[in-house]
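Now for the letters of each chain:
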Amino acid sequence: MLVKHPVYLGAAFLVTILLNFSIDRGRSLRKGLVRYLLIALVIFITNPLFSSRGATILFYLLDRPVTLESIVYGAIFAISLLSVLFAFVAFNLIITPEKMLYLITPFAPRTAFIVTVTLRFVPLLTSRLKEIMTIKRIMGQGKEQSQQMKKSKKNRMQNGMESLHTLISWSLEEALITASSMRARGYGVTKRSSARIYKMDNRDRIVMWIIILTGTNLIIGAWYGVNRYDIYPRLSQMTWTSLYSFHFTCFLLYLLFPLFMNGKEWLHWYLIRSKM
């Protein structure tokens, strides 16, 4: 979100796509891809319509100048947002609620519980709503509802409200049972134990130091404006220097490291299967 350089953003965009494909072959990404692209398209279209900043006027639309700089800024902002959304899709696949609890619970157990419940709230309600609709169809209410929907919108709204009432009642009842159970077991009173124990080994330390070194270099380079790219009032020229090459290489290493790890694991299992 902080980088505005087109080359950096293009690299981040491609790496986040490859990362999702390396995790689950892009299945989770494809589920929300249409929504993500629609949001990016709206940003790309609306920015030059509402912002007239920039010195390079391409044409006039309803007596408002549409500039090249505003179009480029809309495209850069859209790609930046897509990269962040794609990265969070991969984050949700890797950092499961169990791992989230394991990381945050020692410092803030109640906050960790709220974050975990919030992350699973929407998919949980979606799956439960599908169960409710499936049960209605099994009980023979699907045909009756379809006939009622054809008759009037009032019946359609009434059926929808009944399903929503069932969904909310079910969720609230289970939330109360879960909260009572966790309070009875003393959640948050003492340090929480976990069924899984994660211990750092030499590989983890090496990975941590690589991330720290490359990330620190990125912060220092951004602080001194190595990857700076000005859009307003005119597009700045992209120059390729040795310092820029070194900074961009560290940027790629920082982004591509998860792909290297996934590729290493894939190659390792491929060699094991080939020897069987």
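Scoring rules and cut-offs
Residues numbered from 1 in each chain as written. Predicted model: local features only at pLDDT ≥ 70, side-chain atom pairs only at ≥ 80, totals over all residues. Heavy atoms only, no water. Helix = DSSP H or I, 4+ residues; strand = E, 2+ residues; numbered from the N terminus. Contact = heavy atoms within 4.5 Å. Areas by Shrake-Rupley, 256 points an atom, 1.4 Å probe, with all protein chains shown as cover. Axes fitted to C-alpha atoms, helices over the stretch in contact; angles between N-to-C directions. Parallel < 35°, antiparallel > 145°, perpendicular 65-115°, else oblique. Left-handed = near helix turned anticlockwise from the far one by under 90°. Nonpolar A, V, L, I, M, F, W, Y, C, P; charged D, E, K, R; others polar. Patch = residues over 30% accessible without salt bridge, like charges linked within 9 Å, V, L, I, M, F, W, Y side chains within 5 Å. Salt bridge = Lys/Arg side-chain N within 4 Å of Asp/Glu carboxyl O. Lys, Arg positive; Asp, Glu negative; His and termini not counted. Charge placed at Lys NZ, Arg CZ, Asp CG, Glu CD. Buried < 20%, exposed > 50% of the residue type's maximum accessible area, 1.4 Å probe, protein only. Pairing = 2+ DSSP bridges.

Here we look at the overall build of the protein
Then, number 1: A tally of regular secondary structure across the protein gives 11 helices and 2 strands.
Then, number 2: Listing the helices and strands of the protein from first to last along the sequence gives α-α-α-β-β-α-α-α-α-α-α-α-α.
Then, number 3: Within the protein, contacts between residues separated by at least 24 positions form 69% of all contacts whose residues are at least 6 apart in sequence.
Then, number 4: Total accessible area on the protein stands at roughly 20,100 Å², and carbon and sulfur atoms take up 67% of it.

Focus: the packing of helix α3 (residues 33–50) against helix α4 (residues 68–94)
Then, number 1: Packing of α3 against α4 brings their axes to within 8 Å, and their N-to-C directions diverge by 160°. The angle between α3 and α4 places the two elements in the roughly antiparallel class. Where α3 crosses over α4, the two elements pack in a sense that is right-handed. Between α3, through L33, Y36, L37, I39, A40, I43, F44, N47 and P48, and α4, the contact on the second element is made entirely by S70, I71, Y73, G74, A75, F77, A78, L81, L82, L85, F86 and V89.
Then, number 2: The residue inventory of the contact of α3 with α4, partitioned by class, reads 18 nonpolar, 3 polar and no charged.

Describing a positive patch on the surface
Then, number 1: A cluster of basic side chains, namely R25, R27, R30, K31 and K130, defines a positive patch on the protein surface.
Then, number 2: Looking at the positive patch, the element that brings in the most residues is helix α2 (residues 27–31), giving 3 residues.

So, the side chain of R128
Then, number 1: Within the secondary structure, R128 sits in helix α7 (residues 121–138).
Then, number 2: R128 gets classed as buried once you look at its relative accessible area, which sits at 6%.
Then, number 3: Those residues in contact with R128 that lie beyond four places of it in its chain are L167, W170, S171 and E174.

Observations concerning the side chain of T214
Then, number 1: Among the structural elements, T214 can be located in helix α10 (residues 202–223).
Then, number 2: Residues in contact with T214, not counting those within four places in the same chain, are C250, L253 and Y254.

A closer look at unusual backbone geometry
Then, number 1: A cis geometry characterises the amide bond from Y232 onward to P233, with omega recorded as 0°.
Then, number 2: Phi is positive for R25, which is not a glycine, with a value near 60°.
Then, number 3: Relative to the elements of secondary structure, R25 occurs in the loop between α1 (6–24) and α2.

Regarding the pairing of strand β1 (residues 57–61)
Then, number 1: Relative to strand β2 (residues 64–67), β1 runs antiparallel, the two being bridged by 4 bridges. Within β2, the position partnered with F59 by the bridge is V66.
Then, number 2: Adjacent in sequence and paired antiparallel, β1 and β2 are bridged by 2 residues, among which L62 carries a positive phi angle near 55°.

Focus: the packing of α7 against helix α9 (residues 153–184)
Then, number 1: Between α7 and α9, whose axes approach to 10 Å, the crossing angle comes to 125°. Comparing the axis directions of α7 and α9 gives the class oblique. Like other packed secondary-structure pairs, α7 and α9 cross with a definite hand, here right-handed. Across the interface between the two elements, L125, R128, L129, E131, I132, M133 and K136 from α7 touch N159, E162, S163, T166, L167, W170, S171 and E174 from α9.
Then, number 2: Taken together, the residues of the contact of α7 with α9 break down into 6 nonpolar, 4 polar and 5 charged.

From the geometry alone we can't say anything about function, so treat these as descriptive.
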